[in-house]
Amino acid sequence: MRRERELAGRVLAAKRDQRLADDLVRDYLPFIKSETAKFLGRSPQQGRDDELGIAMFAFHEAVMAYDRARGAFIPLAATSIRNRLIDFARRERRHADVLSLDERRSTSDDEDERTIVETIASERDEIGERQTREASRREIAEFVARLSDFGLTLLDVSENCPKQERTLAACQRVLCHARQAPELLERLEKTGKLPVAELAAGSGVERKTIERHRRYLVAALLAFTNGFEIIRGHLRRIVPEGGGAR
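Residues numbered from 1 in each chain as written. Predicted model: local features only at pLDDT ≥ 70, side-chain atom pairs only at ≥ 80, totals over all residues. Heavy atoms only, no water.

Student: Tell me about the overall build of the chain, and name the residues and values.
Tutor: When helices and strands are tallied, the chain shows 14 helices and 0 strands. Reading the chain from its N end, one meets helices and strands in the order α-α-α-α-α-α-α-α-α-α-α-α-α-α. When each of the 246 residues of the chain is scored for burial, the buried share is 39%. Residue pairs in contact within the chain that sit at least 24 positions apart in sequence constitute 63% of those at least 6 positions apart. Approximately 14,900 Å² of the chain is accessible, and the part contributed by carbon and sulfur atoms is 48%. (Helix = DSSP H or I, 4+ residues; strand = E, 2+ residues; numbered from the N terminus. Buried < 20%, exposed > 50% of the residue type's maximum accessible area, 1.4 Å probe, protein only. Contact = heavy atoms within 4.5 Å. Areas by Shrake-Rupley, 256 points an atom, 1.4 Å probe, with all protein chains shown as cover.)

Student: Can you lay out the pattern of salt bridges for me, pointing to particular residues and giving the numbers?
Tutor: Side-chain pairs of opposite charge can arise whenever the charged atoms involved come near each other. Within this structure, the stated rule accounts for 10 salt bridges. Across the salt bridge formed by R146 and E189, the nearest N and O atoms sit 3.7 Å from each other. Of this pair, R146 sits in helix α7 (residues 118-149) while E189 sits in helix α10 (residues 182-191); the two residues are 43 residues apart in sequence, bridging distant segments of the chain. Look at E189 and you get partly exposed, because its relative accessible area is 32%. E206 is the partner of K208 in a salt bridge, and the nearest nitrogen-oxygen pair spans 3.7 Å. Salt bridges here are not isolated pairs; linked through shared partners, they connect R19, D23 and R26. (Salt bridge = Lys/Arg side-chain N within 4 Å of Asp/Glu carboxyl O.)

Student: Just give me the short version of the nonpolar core, but keep the residues and values in it.
Tutor: F143, L194 and I210 are the most contacted members of the largest nonpolar core, which totals 30 residues. At the level of elements, α7, α9 (165-179), α10, α11 (196-203) and α13 (214-225) are the ones that each hand at least two residues to this core. Not counting residues up to four positions away in its chain, the partners in contact with I210 are V174, L194, V196, L199, A200, S203, V205 and L217. Ranked by size, the runner-up nonpolar core spans 26 residues in total, among them A21, F31, A78 and I81. (Core = buried A, V, L, I, M, F, W, Y, C linked by side-chain atoms within 4.5 Å.)

Student: So what's going on with α10? Which residues, and what values?
Tutor: Since the α-helix turns once every 3.6 residues, residues separated by three or four places project in the same direction. Those residues of α10 not exposed but buried are L184, L185 and L188. For α10, the arc enclosing every buried residue in end-on projection is 100°, short of the 170-degree limit, so these residues lie on one face. Contact partners of the buried residues in α10: α9, α11 and α13. One or two positions beyond α10, positive phi appears at G192, with a value near 75°. (Arc of directions from axis to C-beta.)

Student: Tell me what's going on with the packing of α9 against α13, and back it up with residues and numbers.
Tutor: Between α9 and α13, the least distance of the axes is 11 Å, while the angle of their chain directions is 40°. Taken together, the axis directions place α9 and α13 in an arrangement best described as oblique. As for how α9 packs across α13, the hand of that crossing is right-handed. Contact residues: α9 offers C171, V174, L175, A178 and R179, while α13 offers L217, A220, L221 and F224. In terms of residue class, the contact of α9 with α13 is built from 8 nonpolar, no polar and 1 charged. (Axes fitted to C-alpha atoms, helices over the stretch in contact; angles between N-to-C directions. Parallel < 35°, antiparallel > 145°, perpendicular 65-115°, else oblique. Left-handed = near helix turned anticlockwise from the far one by under 90°. Nonpolar A, V, L, I, M, F, W, Y, C, P; charged D, E, K, R; others polar.)

Student: So what's going on with the side chain of T167? Residues and values would help.
Tutor: As for its position among the elements, T167 is in helix α9. Aside from chain neighbours lying at most four places away, what touches T167 is P162, T209 and H213.

Student: Give me the packing of aromatic side chains: which residues, what numbers.
Tutor: Counted by the stated rule, this structure contains 4 aromatic pairs. Judged by centre distance (5.7 Å) and plane angle (90°), the ring pair of Y66 and F73 falls under edge-to-face. The two residues Y66 and F73 agree in class, both being buried. Joined through ring pairs, the aromatic side chains of Y28, F31, F59, Y66 and F73 make up one cluster. (Phe/Tyr/Trp six-rings, centres within 6.5 Å; stacked < 30°, edge-to-face > 60°.)

Student: Describe the packing of helix α1 (residues 2-14) against helix α2 (residues 18-27), listing the residues and the values that go with them.
Tutor: Interhelical geometry of α1 versus α2 gives an angle of 135° and a closest axis separation of 8 Å. When the interaxial angle is binned, α1 and α2 end up oblique. The hand of the α1/α2 crossing is left-handed. Here L7, R10, V11, A13 and A14 of α1 come into contact with α2, specifically with L20, A21, D23, L24 and D27. Class assignment for the residues of the contact of α1 with α2 results in 7 nonpolar, no polar and 3 charged.

Structure follows, in C-alpha cells:
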C-alpha cells in the first residue's frame, strides 16, 4: 500500500514535470518490457522491436491520464500498453497484403508450379514487416519534426487531448470543418497559427474550446493534411472516414 501511494505521488508529480516523467519511464522500463513481452510472447529487443517504443509511449500516456480517484496506476498503465499494442498490431495487419489463394499443388517434379507462392511468402512477410517498421520510424520522425516547426512536441499534444466526450465531439466538428476548408489549412501551414475565429464560426464551437485544445487541433490537422498515414490511424476515432478528407 505504501509503495502504491509513493508511486501515485511520483506519477502526479510527473504530470507536471517532463524530467520526472522521463525518470519514471526509465525506472519502470522493466515493467514496460514485461508487458510488451506478454503481448509478443517473447522478450522485446530495444532498438529493434517497435512494440517496445509503442509501449513506452503508452506508459507515458498513462502517466498523463492518471487520476488518483480512478484507482492504482499500474493496472491503468498495463491496460494502456496492451491497448496501444493491439492498435499497433491491427494497423500493421492493415498494411500487409492479405491474400486468399486456392493453391494448386503439383504432383510432378516441377517445383516452380508448386512453390510460386510458398517460396516467396516468408521472404515477403519478413521484408514487409521490416519496411513497415522503417516506414513507421520515418513517419514518426517526420511528424515530430513537423510539430517542432509549430513549436509543439508529442508531449504537448498528449497533454492537450480532449478528455470529455462533449469536448471530443466539439473537436471533431472543428476538424471536420477545417478539412472541408482548404484555405484555412493553407493559412495554418503558411502562418503557423490556427485560424480560431474562422473555425469557431464555421464549426459552431466556442472559441475558448478551440483555444483550450489548440495544440491538439494543430497536430491533428497536420496529420490529416500531410500524408501521415500511420499517425492518422491513431486519430480515426476523432475524425471518422468521410469527414471531409482531402
